[in-house]
Amino acid sequence: MMISARAYGDNGKMKEHHYTGPVEHKFSPYAFNGGTVLAVAGEDFALVASDTRLSEGYSIHSRDSPKCYKLTDTTVIGCSGFHGDCLTLTKIIEARLKMYKHSNNKSMTSGAIAAMLSTILYGKRFFPYYVYNIIGGLDEEGRGAVYSFDPVGSYQRDTYKAGGSASAMLQPLLDNQIGFKNMENVEQLPLTLEKAVQLVKDVFISAAERDVYTGDALKICIITKEGIREEIVPLRKD
Amino acid sequence: MALQDVCGLHNSPLFPQWSAPLSRSFMPENSTHLSGGGIHGEAFSTRLPGRGGLSPLEFYMPIAEYLTESPINFGQTSLTSAPTKLLEIDHLHPSLPSISLPPPTPFPVSPSVPLPFTLSHGTTTLGFAFQGGVIAAADTRSSCSGLVACPASPKVLPIHSHLVGTTSGTSADCALWKRILARELRLYQLRHHRRLSTGGAAKLLSHMLHPFKGTELCVAATLCGWDGDDEKHEQPITEKHANTPTNQMTASNSIVRSRSRICGPRVIYVCSDGLRLQGELFSVGSGSPYAYSILDSSVYWGMSVQEATEVAREAVYRATYRDAYSGNNVDLYHVTAKGWRRRERENLKEEYYREKERERRVIAY
């Protein structure tokens, strides 16, 4: 179905169909499969959440295609964008992780994975992976860390980040609720795990209301020093 | 095997498949040898185990025709459009199949792959030298055609203890090339037991970017550093200027200028077009015209550190005020003979409200 992918506008959403004349459809090697990913870092935990809908154009390919991939015991990556590139990219990351483990006899830390992913993405600067990545995990000191990437490898460490089709809707809400931006006279309490999980659920329910590519179910991976726990919450299916 | 290749395990593929990565191995000294045969020959014949020691990063070069043709027609594309260049390849490597790669010029000049997303652009950065060192300042907004991708991105990146670089252009390009430059400078330092000068670093960066001229790579960096490892020489100059009355300043200025050819503060602008300029004051980015107006009127060689910091901050603030693509915070670095020092990141929203308050008070009285 990539042959008709030229009908997409810049941000991946469908362009209006022109009935005023012939439209040339060129082959494009990319497709946009939708999906939203979100990551939050706390004092001693990190959350990576994604919806599980896989869509293309007006169709839904699958209602059970989560976008979080577990990399190590302390790191999870969320990838949204073009599903083909997501699969290949995670395959490459997993292979590189194994190579590192065999030559260095230890697992890669979150920061190291982030730096490596940056060079992997930039290696394809002239034919990029169409993937918006967010890595969530614990750093060497046990504190939560979130690293967000653009498709060509620019990255930095954040406290929270939303990526994917509903990112423009979710990011301002997170700025306000977690970053306390643009609020006066507010007591800035540190974020607890329960509050963060509840916030993520609320935020995805809102995203599913207004973004057609987000919905079906929400999968949250909660990373603490005890390990990685998963929670699945249903969302709107329409 | 395809996965191994893409992962960068160095088993050199003798027969490149249509999707095999073309690796670029080149030395900065040889970067002017862009004749097809030379580089292509090196890429295949001198692949050493581990990092070749020379390539900054392996880049995957897409073959333009294959990406714009539907896969249904795949395999039927003929490459007879450039027969002379095919002959060149056959002459060097008779083992290569005749359906071979497009001519080994660096890259197709037109951007071959239509991207479905835009990359981050838009900024205000500045750097200037004065008697007390070098100031490098930048805003922190990273925008992506209308959306603020990141309100707190660092645009002034330290490269080593005495060199700081401001970044403008595509943020991924700037971040990665700075990382590559930092690695090359560190290797130089280990091999030659001294730091490379700012001019040398600028030349190295410029030569590393040269093969990518004409592609969509966009890097415009200002390297701000302090040269010279002899700290004793610098101290008398700074003391003299701290208390010098104006009529003596011009005489001592000329002495400082001649000494600073060897060591001292240095600001050099490097651009991915190939431009490399040394100067005393640079501002780069969409907000640079606004910053220049403040800098041109207030910067002079004899200013104190306090004044210089104020001016830099004011220049970035004014630029963020008027330029939509600059905003959020201002980062400021000060480089002296002892190294770089980072000033606390300041949120310009507060400054905006303080100024409004001042205006309101002035009008009220």
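Note that this is a predicted model, so its numbers are computed, not measured.

## Comments concerning the sheet that holds strand 10 (residues 281-285) of chain B
All names here are of chain B.
Argument step 1. The strand order across the open sheet built from five strands is 10-1-2-11-12, with neighbouring strands paired in antiparallel fashion. Two strands bound the open sheet, and with one partner strand each, they are strand 10 and strand 12 (339-347). Averaged over all neighbouring strand pairs, the angle between strand axes comes to 10°, with direction disregarded.
Argument step 2. Examined bridge by bridge, strand 11 (residues 329-336) and strand 12 share seven bridges and lie antiparallel to one another. Residue pairing in the sheet places V330 in a bridge with E346 of strand 12.
Argument step 3. Helix-sheet contacts for helix 9 (residues 288-298) involve strand 1 (124-130) and strand 10, and the interaxial angle to strand 10 is about 160°.
Argument step 4. The strands that helix 11 (residues 348-364) touches are strand 11 and strand 12; relative to strand 12, the one it contacts most, it runs at about 60°.

## Observations regarding the side chain of S167(A)
Residue and element names in this part refer to chain A.
Argument step 1. With respect to the element layout, S167 can be found in helix 3 (residues 167-177).
Argument step 2. Within the structure, S167 has its side chain in polar contact with the backbone oxygen of G164 (distance 3.0 Å).
Argument step 3. For S167, the contacting residues outside a window of four places in its chain are A162 and P172.

## Observations regarding the confidence of the model for chain A
Argument step 1. For chain A, the mean per-residue pLDDT works out to 88, and 92% of the residues sit at or above 70.
Argument step 2. Note that pLDDT drops below 50 for residues 1-7 of chain A; the model gives that stretch 20 contacts with residues more than four away or on any other chain.

## Side note on the pairing of strand 7 (residues 220-227) of chain B
Residues and elements named next belong to chain B.
Argument step 1. Counting buried residues in strand 7 gives eight out of eight residues, a clear majority hidden from the surface.
Argument step 2. Examined bridge by bridge, strand 6 (residues 163-166) and strand 7 share four bridges and lie antiparallel to one another. Note that in strand 7 the partner of G165 across the bridge is L223.

## Description of the nonpolar core
Argument step 1. Counting residues in each nonpolar core, the largest one holds 29 residues, and the members touching the most others are Y122(A), F59(B), W177(B), L181(B), L185(B) and L223(B).
Argument step 2. Per-element tally for this core: the top contributor is helix 5 (residues 171-192) of chain B, with seven residues.
Argument step 3. By size, the runner-up hydrophobic cluster in this structure holds 26 residues, among which are V40(A), L191(A), V203(A) and L218(A).

## Some details on the packing of aromatic side chains
The relation between two aromatic rings is expressed through the spacing of the ring centres and the mutual angle of the planes.
Argument step 1. Per the stated rule, a full pass over the model turns up 15 aromatic pairs over all chains.
Argument step 2. Both rings, one in F128(B) and one in F130(B), keep their centres 6.1 Å apart while their planes meet at 50°; by these two values the pair is tilted. Across this residue pair, the class does not change: F128(B) and F130(B) are buried.
Argument step 3. The interplanar angle of 65° and the centroid separation of 5.5 Å between the aromatic rings of W177(B) and F212(B) together place this pair among those described as edge-to-face. Within this pair, whereas W177(B) is found in helix 5, its partner F212(B) is found in the loop between helix 6 (198-209) and strand 7, the two being separated by 35 residues in sequence. By the burial criterion, W177(B) is buried, and F212(B) matches it.
Argument step 4. What links up through ring pairs into an aromatic cluster is the set Y30(A), F32(A), F127(A), Y130(A), Y132(A) and Y213(A).
Argument step 5. A cation over a ring is seen here: K124(A) above Y129(A), with NZ or CZ 5.0 Å from the ring centre.
Argument step 6. Just above the ring of F126(A) sits the side chain of R125(A); from NZ or CZ to the centre is 5.8 Å.

## Notes on the pairing of strand 2 (residues 133-139) of chain B
Residue and element names in this part refer to chain B.
Argument step 1. The buried fraction of strand 2 amounts to seven of the seven residues, a majority that puts the element mostly inside the structure.
Argument step 2. Sheet topology note: the strand 1/strand 2 ladder contains six bridges and is antiparallel. Residue pairing for strand 2: L126 is matched across the bridge by A137.
Argument step 3. Between strand 1 and the antiparallel strand that follows it, strand 2, lie two residues.
Argument step 4. In the sheet, strand 2 pairs with strand 11 via six bridges, with the strands oriented antiparallel. Paired with A136 across the bridge in strand 11 is Y333.

The rules behind each value
- Residues numbered from 1 in each chain as written.
- Chains lettered and ligands numbered in written order.
- Predicted model: local features only at pLDDT ≥ 70, side-chain atom pairs only at ≥ 80, totals over all residues.
- Heavy atoms only, no water.
- Pairing = 2+ DSSP bridges.
- Helix = DSSP H or I, 4+ residues; strand = E, 2+ residues; numbered from the N terminus.
- Axes fitted to C-alpha atoms, helices over the stretch in contact; angles between N-to-C directions.
- Contact = heavy atoms within 4.5 Å.
- Polar contact = N/O pair within 3.5 Å; in protein donor to acceptor, adjacent residues only side chain to side chain.
- pLDDT = per-residue confidence, 0-100.
- Buried < 20%, exposed > 50% of the residue type's maximum accessible area, 1.4 Å probe, protein only.
- Core = buried A, V, L, I, M, F, W, Y, C linked by side-chain atoms within 4.5 Å.
- Phe/Tyr/Trp six-rings, centres within 6.5 Å; stacked < 30°, edge-to-face > 60°.
- Lys NZ or Arg CZ within 6 Å of the ring centre and 35° of its normal.

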